[in-house]
Each structure stands twice: as C-alpha cells, then as structure tokens.
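Below, each chain spelled out in residue letters.
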Amino acid sequence: MLKEFFTRLRFLFASKSHGEVDEELRFHLDQQIEANFRAGMSSEEARRQAAIAFGGVERTREQCWEERPGYLMETFVQDLRYALRGFRRNPTFSATVVLTLMLGIGSTTAVFSVVDRILFRSLPYGDADRLVSVGLIAPIEPQEFMLGGSYYEWQDNQKPFVSLTSESWTSPCDLTESNPARLDCARVEGNFLPTLGVSPVVGRNFTANEDRPNGPRVALITYGLWQSRFSMDPAAVGKLIRIDGNATEIVGVLPKDFEMPRLQAADVLLPQTLDVAAERRADPGHPMWAYARLKPGVSVEQAKAELEPLFDYSLRLAPAPFRKEVHLRVRSLRDRQVHEVSLAAWILLGLVLTVLLIACANVTSLLLARGASREKELAVRSALGAGRMRLLRQSLTESLTLSVAGGAAGCFFAMLLLRLFIAMAPDGMPFLGKARVDLRILIFALATSLLCAVFFAVMAGMRRADPEALTGRTRLNLRHAVLRRWLVIAQIAASVVLLAGGALLVRSFWNLEKQSLGMNAENIVTAAISLGQTSYPTPESQMAFFQRLERNLRYGPGIAAFAISDSLPPGGSHRDQVYASLQVEGKPVLASGTGGTVASRWVTPEYFRALQIPIVQGQGFTEAELTSNDHFVVLSKSLAGRLFPSQNPIGQRLHLHHGAPAASDPACVVVGIAADVKNGGLAGSEEPEYYQLRRNRAEDWDRSSVLILKTTLPPGATDAWIRSQVASLDPTAPVDIRTLSERVGKLADRSRFEMLLVGFFACTGLVLTVVGLYGVIAFFVVQRTPEIGLRMAVGASRADILRLVLANAFRLIVPGALLGLVLAAALSSVLQSLLFNVSAHDPATFAAATGLLILVALFATLIPGRSATRVNPTVALRCD
Amino acid sequence: MPQPTDLLQGTLDLLILRTLALEPMHGWGIAQRIQQVSRNVLQVGQGSLYPALHRLEYKGWIEADWKASENNRKAKYYALTATGKRQLEAEIESWDRLAGAVALVLDQI
C-alpha cells in the first residue's frame, strides 16, 4: 500500500515526457510491420496493414496521459481557473448567484438554529420524551395546575405513570449572610429530581424525611450558585447557609444544565414540606404543578384516559357551578414549554423555506440563462474534442465554485443574522439567547449548497452540445425559456405570500401601538420594590416601609402625583378571581359557571389621578377613607355594568370573596366607578376590574409594591433620586425603575419581533424575486435584440417596443400575483392568533402587498425595457 | 477461426500481469503473447494495451526499463514488481472464484 502510494507520488512530480510514449508506440508499429513483412507481404502492404491494425495514435497517447496520477487534479485546477476567469468577466452574474445563495443559506441556517433550540432541543432531563405535565385547566389558569386537595389522591391511585411529582411555589428568598443576596427559591417534592431523571453532580437528593413539615432544613443549590458562591468547592455540600434567616444545610448541587420544568428562574431548591394529611382534607389545597414519567409503552392519550376516574374525583371537590369549566390535561413536557412559541417557530420555518425556495429558483434561473447564452461556447468546445464527461466536469467545477462561495458567505451571514435575532428578541422567547449556529445545521446548509451545485451542473452538462449553435445565429431556447418563466411566476407568488404575511403583522403591530390603553402612560416613572423576608417579617413593618418612602418621595422635585399599587396595567400580572365569587349584598351570587375572571388591585387614593384614569361616577377614594375601619372599593365601568345593571352602584355594599369565612370577606362600599383600562396585556381581552383601597392598616399591604410617580421632569431625571431615597431606608431592597411607557413598550416586544422577522423575510423574498424577474426580462430583451431591431426598422416606435417588453413582463407578474393571492388567502389563517384587530384575510392589506409587488416588479421591468427602446436597428440587424 | 472476443472489463490487467510473470517483455511482445496463448481469441489493440500498461506502472505493479530488443532496437521492457506479484495472486484468486461461480450457474441451468 505504502509503496504504491510512493510510486504514485513519484510520478506525480516526475512525469514522463510525451516523447517517451511516442517512441514506445513507434516501436510497436515497427514490430508489427516487420511481422507482416516476415509473413510475406510486400513492404508497402506490410506498412499499410500495420497502420490499419494500429489505429489512431493520438487517442492512445491522450489516454496514456490521462492515466497519470494527478491528471484529475490538474484538470480541476484548469477548470477552476477557467471558471474564475469566467466569473471575473461577468461579475454581476457571479455576485448575484453568490448573494442569492448567501441570503438563502444564511437565513435558513440562522432560523433553523433558532427553531431547533425551541422545538427540537433535548430537554436536560433523563429520557425526557417520557415526561409529561399533568393537571387541571380552568379559566383562571390556562396552564395546567394541580391542587393539594386532590394531588395526593392522584399520586396514590394513578396507574399510567412510573412516578408523579410536583413543585409548588417559587418565590424570592434572601441569603442572609455576610454577603447577602436575593435568590429565587423553588419548593419541590422529595421525588422531584428522580422523576425528572436528574441526579445532583455533588451530594444527594432530599430524603423522604426532609420533605415533611418541620423536617431538617436542607437545600439543593444550582450549579451557577455553586460556582459563584462556593468556587465549585465539593466541600460546599454539608455547609450551612442562612436562607431567610434559617440555617439550612446544603445537601447537593444540581447539574449545570438543570432548569425548572416551567423554566422559571431558581437558584435554590427546597423541599416543599407540605403536610400531606392536611392537604388531603384541604379544599382546594395548595396550588402546585405536577409532572410525571410515563410507564414504558403508555402513550400520552392512554395516560389521559386512565386518569379520567381521578379527574372525576377532583371535579367532585370543585364547587358545582365551576365543574363544566374545568378540564383534564396531560401533555408532553416539551409541549408545555413551547406552548405559545411553537406556532411562531413553525411560521418562521415556513417563511424561511419560502425564501429558500425563491433563492433556489433564482439560482436555477440565472444558471439556465447563463447556459443558454453559452450554447455557442459549449458547441465549440465539443467540436474541438471535449468529451461529455469532460464538459460535465467543467460545469460541475463552475457550480461548485459558486456554491462554495455562496455557502461560505451564507455561514457568515447566518452568524450575523443569529446575533441580530438574539439582540432583537424579547425576553418572552425562551432559549433564543442560547441559540448558536449549530455545526450540524451548518453542515446541512453546506450540503444543500453542494447538492444544488451538482444539480445545476448536471442540468447544464447533460445538454447535448448543439452544432447548430456554431452557425452564430441567436435563437430562443424555448424549453429553458418556458422553465424560467414558470420559475419567475412561482417566485412572484411566493413573494406575494411573504409580503401579505408581513403586511398583516405590520398592520397588527400598528393597531397594537395605537390602541387606547384607557390611561395616560406619559411621564410616569414606576419603581417596583420587593422587600426581604427577614428584614420585614410582618405586614406592619412592610406598611411602615412603604409609608415612610411615600412621605419622602411625595413632595420631591417635579412629582405631580404619587401612588402605590401592587401591580400595573396593562400587563397581565395582577390579582385574578372568578366573577362568581363577587356578591352584591342582598342579591344571590351567579347561579352557574364561573362567569370568567375579574382582575383586582390594591391602590392608594392618588392612583387614578396619577394614571389619569377618569372616575366616571362617584368620587373615588379619598384621604379621609385611609383611616376608616370600613372597606372601600372602586369598580371598573364594565364590572359595575355587570353587577348593577339597573341601579346606581355608588354606596352599594359588595362581598368580594363569597364562600370565604366572614372575617376575610367583609362588605366593601362602592365609592366610585372608574373608566375601563386595558388590563390583559396589549393584545389580550379586557377583564372587568375592581380596586381596593390600601388604608393605613397593615392587612392591606404586602411585601411587593409598585410606586407610581407622575413627574414633570424629563425621563431618567428622577431615577437616581428615587434609588437614593429607597437606599436610605433599606440599602438591600432591589428596585426596578422604569417609565410606564417602557413597560408598555416591552409588552409589544414580542409582536415587534415577529413583525420585524416576517418583514425581513418578506423584503429578502421581494429583492430576490425582483432580481429573478429582472434577469428574465433582461435576457428576453438581449435574445430578442435582432427582432426588436427588425421591428424598429419596419416602423415600430419606442412606445411599441416598451409595450412589447411590458406585455411580456405582465404575462409573468399577473399570473404570479394571482397565484400568490390565492396561496396567501389559504395560508394566512395560521397567522390569525398572532394578529391583533386585523383579519387574516384583510382585503386592504392584501391589496397593499400586491400593489407593492407590482410596483417594484414594474420598476425591475423598466430598466431592460428602456434599454430595449435604445436598440439601434442598424447595429442589431448587422449582428446576425 | 472464431471471432475475437471482447475483453471483459478489468481482465486486461490480469492478462498483462500473468504474461509478465514469465519474463520482462515489451508492449508488442505482450500483445503477441496473449494472442498466441489464447489461440487468436484474445486480441489486444494498442489503444487499450498502452493506457493499461501506463496505469499499472503508475500503480507500481510493474516497472519499465529501456533495453535493447531482440533485433537490437531500443524498446521499453516491462517487469513485474513485488507488489505486482502479490496483486497477480489476488487477481487470479478472484478470477477463479468468479469463473467458478459462473460455471456453477451455467451447469445448474
């Protein structure tokens, strides 16, 4: 083997001369002549017969030469040089192909990298495909959840699962040590990690004994915390840390890639230490989230069917009127995690594949055009003795060079694009921050480009060189012309689909931004503060903190109004309850069903003035009520209309928590009706809402609040001052200061992101389509130059010629646009759930998209059209 | 005289190697020898002989040397190398297997 290799290597460098082969062949011929002579032929005849037997010398010599090792390499280099020369001669063509491939491959790779992370990433759990999320869904909580009252019943009696586990609340907690820190603590059941198939990298999981009320205090810490606080010291296990003032022993460290199934942030896992016996008796019990591992061979559907009896048990616990609105849900953990981004991800994938399709059509069309214009060259090469394989190899080299250049450019473009995506993406898109240009995907894209190359090369190389082309007459190659026209029609159609989708999202975003929020978010600075567990253990201390802060801030420079609330509109995070739990004194509660949800907030009197929410009836909260023993409530207009359809609500008494013990359900006096405010997110539906007054009583306060300051100063001017005021009271309290406009704007991030992405792809598609159309029309003009010359010679005016070109373009644009409209109408309904206040079949939007396309397409036609009108008949006719 | 048979693809290499196993020979000699031994059934034209010889030489299975021929002309003599000998054995073995298999099929049907 080795010797063979060296022999080849030797011949690669020391090649034999042509003369040597010639001499060898001459010797062979002479031997034959001599043999013939000896066999009795005349010398003349011997020579003649030998020459006949011998055949062509040149071909043999060539073949001997081609046997040389390195021959392939040599011709490849030759072909490459030839191809590069050709590209340099025609830079527009090569640049267009490379750019088209770059856009196609780059955007496909970038989007695949993102989508792969979202839809197809492997979850960081053992055998994650067997994990499901189990629970009830109700109008108040669209994501499945469980209640302690029935969870343990399920755990005891379920059949389809290997194990069922739960996590309950995750909340901020304080690491109270020499170097205090605010952390997120998640409470989980003892069998949480084993069910998920996760084992600690150091230490151990909780024991059953530790997951009991008043059990030993233990914690599992995340890898990140281990790294930052313990420098990855294995001796951290066994150490005591103080969490919210309680000495807690670290028993283990979670793996590096660990994440909570609901993807919420968590630094520490604590056993949830629920009193199981008490939970079983409780109604409804603790809210929790349940996950389970399916038994081998059990499908999600089977599991759901097997859980029905347990679900019925839970239903019996629910109040009768609610039962109809509660459902059982079992779905894979992956589905739970991607529930709302999956649609966006699939749409993204569809978009990018459309762009790739347009790009491919473009490249094919360009190469076809080039092939058609090189027919003559091909014929010459063929006539000079180039074999079919040789021609195929040459065209393969050319396409390969183009695709490799396009692929390489595409890789860079993908990295750039991915970075752009991550920078633009809102927080709500999970995993996007972790998306990388995946090696597999890159290889996939390169393979695609190479495949394209081989396809184009074979398409071009398979064509038999036509000797007719040597006559020098330019003829229309009808077959390719037809194929190219169809490609352009398809491109236009795809482009209309993209543009229509983009326009719909732009329209939707516009509606979202321009809608009335029901309040004035201008000049409002908000500061969210969450107090620590240990420093402020009681509601009294919390109230004291916020009231001192109010005294310090209220009359500061430029503060026109000041309020404290527990949440802010229009984002969806506020208190929620079902309508059926509201009871007007002296009237029955809602007879059946939950009546949907009702939002509520705890506010101080100036809330409405600060946000400029009009009080349409009554006088709202007053300072005098702050010290009252009575409870007061302001209703939103929609809630008042529903509760008091035909009477004056002011002064009526209302119970807010029907069914709760009397002590926690006091009668509240309605003192005002406020105008409706957007409260379900920007695109969400509005809920009826009521406001409760935060009096000077500890029971009305809790540890997290938002300060609302209406200022007359420019944005940002008050931030440092607010921060210093908070710090003067408690330097450890974290403050999140932002203007209300910023908070509102953040809610629109998601749709802005979607709009920009779709818009980007629509523009890319449009550019590629226009390039394709331009190419076809320009080619049409070049090929018809003699004909145009002839027409002009016999009297056609410039307008006639322009009309000829335009008519030709319209035969592409009109069917393409129509086809595109039909496709867009069929496909756009998938966008419906992303749209706000605009129908997926909005005619105006569709018309605008089509109009834009036709306008740009006409522009692309006019350039070759103008050059057609400048054809000089004399020159054009002489050419042929 | 029976019609000369077209050489089966790939068998030319085998024939050349086998012929050279006897003694170093020049191209014309090889062609003549194959023709004689096969009783005129196998005729090797120069068009396929010389490319094959060059191919084998590049592979290192045979080596060439310019020597004086029997009629005292300078001729290129080819000889089997050690690698070539091993290759010949392998090729003969695989040919036997193939021929045996074909014979089996022919006998059977």
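Residues numbered from 1 in each chain as written. Chains lettered and ligands numbered in written order. Predicted model: local features only at pLDDT ≥ 70, side-chain atom pairs only at ≥ 80, totals over all residues. Heavy atoms only, no water.

### With respect to the overall build of chain B
As a reminder of what qualifies: Strands here are runs of E lasting at least two residues and helices are runs of H or I lasting at least four, both read from the DSSP assignment and numbered beginning at the N terminus. Throughout this description, buried means an accessible area under 20% of the type-specific maximum (1.4 Å probe, protein chains only), exposed means over 50%, and partly exposed covers the range between. Contacts are assigned to residue pairs with any non-hydrogen atoms lying within 4.5 Å of each other. To be clear on the numbers: accessible area is Shrake-Rupley with a 1.4 Å probe, and residue cover counts the displayed protein chains and nothing else.
Each helix and strand counted, chain B has 4 helices and 3 strands in total. Starting at the N terminus and ending at the C terminus, chain B contains elements arranged as α-β-α-α-β-β-α. Buried residues in chain B amount to 41% of all 109 residues. A separation of at least 24 residues holds for 48% of the contacts in chain B among residues at least 6 apart in sequence. When the accessible surface of chain B is split by element, carbon and sulfur atoms take 53% of a total near 6,300 Å².

### Brief notes about the confidence of the model for chain B
All names here are of chain B. Put simply, the rule reads: A residue's pLDDT is the confidence the predictor assigns to it, expressed on a 0 to 100 scale.
For chain B, the mean per-residue pLDDT works out to 83, and 90% of the residues sit at or above 70. Summarising per-element confidence for chain B, the mean pLDDT is lowest in helix 3 (residues 46-59) (84) and highest in helix 4 (residues 82-108) (89). For the stretch residues 1-5, pLDDT sits under 50, and the model shows 7 contacts to residues farther than four places along the chain or on other chains. Model confidence for the complex is summarised by a pTM of 0.70, with the ipTM given as 0.80.

### Describing the side chain of S628 of chain A
Residue and element names in this part refer to chain A. Note the cut-off: Two N or O atoms count as a polar contact when they lie within 3.5 Å, although within protein this holds only if one can serve as hydrogen donor and the other as acceptor, and sequence-adjacent residues are included solely when both atoms are side-chain atoms.
Looking at the element boundaries, S628 is found in the loop between strand 17 (615-618) and strand 18 (631-636). Look at S628 and you get buried, because its relative accessible area is 17%. A distance of 2.9 Å separates the side chain of S628 from the backbone nitrogen of D630, its partner in a polar contact.

### Focus on the packing of helix 24 (residues 785-793) of chain A against helix 25 (residues 798-827) of chain A
Residue and element names in this part refer to chain A. Test applied: Angles here are taken between N-to-C directions and fall from 0 to 180 degrees, while the axes themselves are lines fitted to C-alpha atoms, restricted in helices to the stretch in contact. By definition, any crossing whose near helix is turned counterclockwise from its far helix by less than a right angle is left-handed, and any crossing with a clockwise turn is right-handed. Put simply, Ala, Val, Leu, Ile, Met, Phe, Trp, Tyr, Cys and Pro go in the nonpolar bin, Asp, Glu, Lys and Arg in the charged bin, and everything else, Gly too, in the polar bin.
Following both chains from N to C, one finds helix 24 and helix 25 inclined at 145°, their axes separated by 10 Å at the closest point. Crossing of helix 24 against helix 25: the hand is right-handed. Touching I788, R791 and M792 of helix 24 are R798, I801 and L804, all from helix 25. Grouping the constituent residues of the contact of helix 24 with helix 25 by class yields 4 nonpolar, no polar and 2 charged.

### Comments concerning the interface of chain A and chain B
Where we set the bar: The term buried area refers to how much accessible surface (probe radius 1.4 Å) is lost by two components on association, counted for both of them together. The salt bridge criterion pairs a side-chain nitrogen of Lys or Arg with a carboxyl oxygen of Asp or Glu, the two atoms within 4 Å.
Each partner contributes to the interface: chain A provides 27 residues, whereas chain B provides 27 residues. Carbon and sulfur atoms make up 54% of the surface buried where chain A meets chain B, a total of about 2,500 Å² over both sides. It is E24, F27 and E67 of chain A that lose the most area in chain A upon contact with chain B, and together they represent 26% of the buried surface on that side. Along the contact surface separating chain A from chain B lie 2 salt bridges. For D30 of chain A, the salt bridge goes to R73 of chain B, with nearest N and O atoms at 2.3 Å. At the surface where chain A touches chain B, the tally comes to 5 residue pairs in polar contact (both at pLDDT 80 or more). The set of elements that each furnish at least two residues to the side of chain A that touches chain B consists of helix 1 (2-13), helix 2 (18-38) and helix 4 (57-66) of chain A. In terms of residue count, the dominant contributor to the side of chain A that touches chain B is helix 2 of chain A (12 residues).

### Describing the packing of aromatic side chains
Residue and element names in this part refer to chain A. We count it as follows: Stacked, edge-to-face and tilted labels apply to pairs of Phe, Tyr and Trp rings (six-membered ring for Trp) whose centres lie within 6.5 Å, assigned for plane angles under 30 degrees, over 60, and everything in between, in that order.
If you walk through the whole model with that rule in mind, you get 11 aromatic pairs over all chains. The interplanar angle of 80° and the centroid separation of 5.0 Å between the aromatic rings of Y151 and Y152 together place this pair among those described as edge-to-face. Each member of the pair, Y151 together with Y152, is buried. Relative to Y291, the ring of F192 has its centre 6.4 Å away and its plane inclined at 65°; by these criteria the two rings are edge-to-face. One end of the pair, F192, is in helix 8 (residues 192-196); the other, Y291, is in strand 10 (residues 287-294), and 99 residues separate them in sequence. Grouped by ring-pair contacts, the aromatic residues Y536, F545, F546 and W701 constitute a single cluster.

### Focus: the environment of N209 of chain A
Residues and elements named next belong to chain A. Mapping N209 onto the fold places it in the loop between strand 5 (202-203) and strand 6 (218-221). Judged by its relative accessible area of 44%, N209 falls in the partly exposed class. The residues contacting N209, other than those within four sequence positions of it, are G215 and P216. Within the structure, the side chain of N209 is placed 3.4 Å from the side chain of R212, a separation counted as a polar contact.

### Quick notes on helix 4 of chain B
For clarity, the cut-off: Expected helix span is computed as 1.5 Å times (number of residues minus one).
With 27 residues, helix 4 of chain B extends 39 Å from end C-alpha to end C-alpha; this agrees with the ideal 39 Å at 1.5 Å per step. For helix 4 of chain B, every residue scored as buried is listed here: T83, G84, L88 and E91 of chain B.

### Describing the confidence of the model for chain A
Overall, the predicted model of chain A reaches an average pLDDT of 83, with 93% of residues at or above 70. The least confident element of chain A is helix 1 of chain A, whose mean pLDDT is 60; the most confident is strand 6 of chain A, at 93.

### Here's the deal with the pattern of salt bridges
Residue and element names in this part refer to chain A. Under the criterion given, the structure shown has 31 salt bridges over all chains. Residue R38 is joined to E34 by a salt bridge in which the shortest nitrogen-to-oxygen separation is 3.0 Å. With R38 and E34 both in helix 2, this residue pair falls 4 residues apart, about one helical turn. With a relative accessible area of 30%, E34 lands in the partly exposed category. The shortest N-O distance in the salt bridge between R784 and E787 comes to 3.2 Å. On the accessibility criterion, E787 (27% relative accessible area) is partly exposed.

### A word on the sheet that holds strand 3 (residues 74-80) of chain B
All names here are of chain B. Where we set the bar: Strand pairing is assigned whenever DSSP identifies at least 2 bridges connecting the two strands.
Strand order in the open sheet made by the 3 strands is 1-3-2, with antiparallel pairing throughout. Edge positions in the sheet fall to strand 1 (25-26) and strand 2 (62-68), since each of these pairs with one other strand and no more. When strand 1 meets strand 3, the two strands line up antiparallel, connected through 2 bridges. Its bridge partner being in strand 3, M25 is matched across the sheet by Y78. Against the sheet, helix 1 (residues 11-22) engages strand 1, strand 2 and strand 3, with an angle of about 100° to strand 3.

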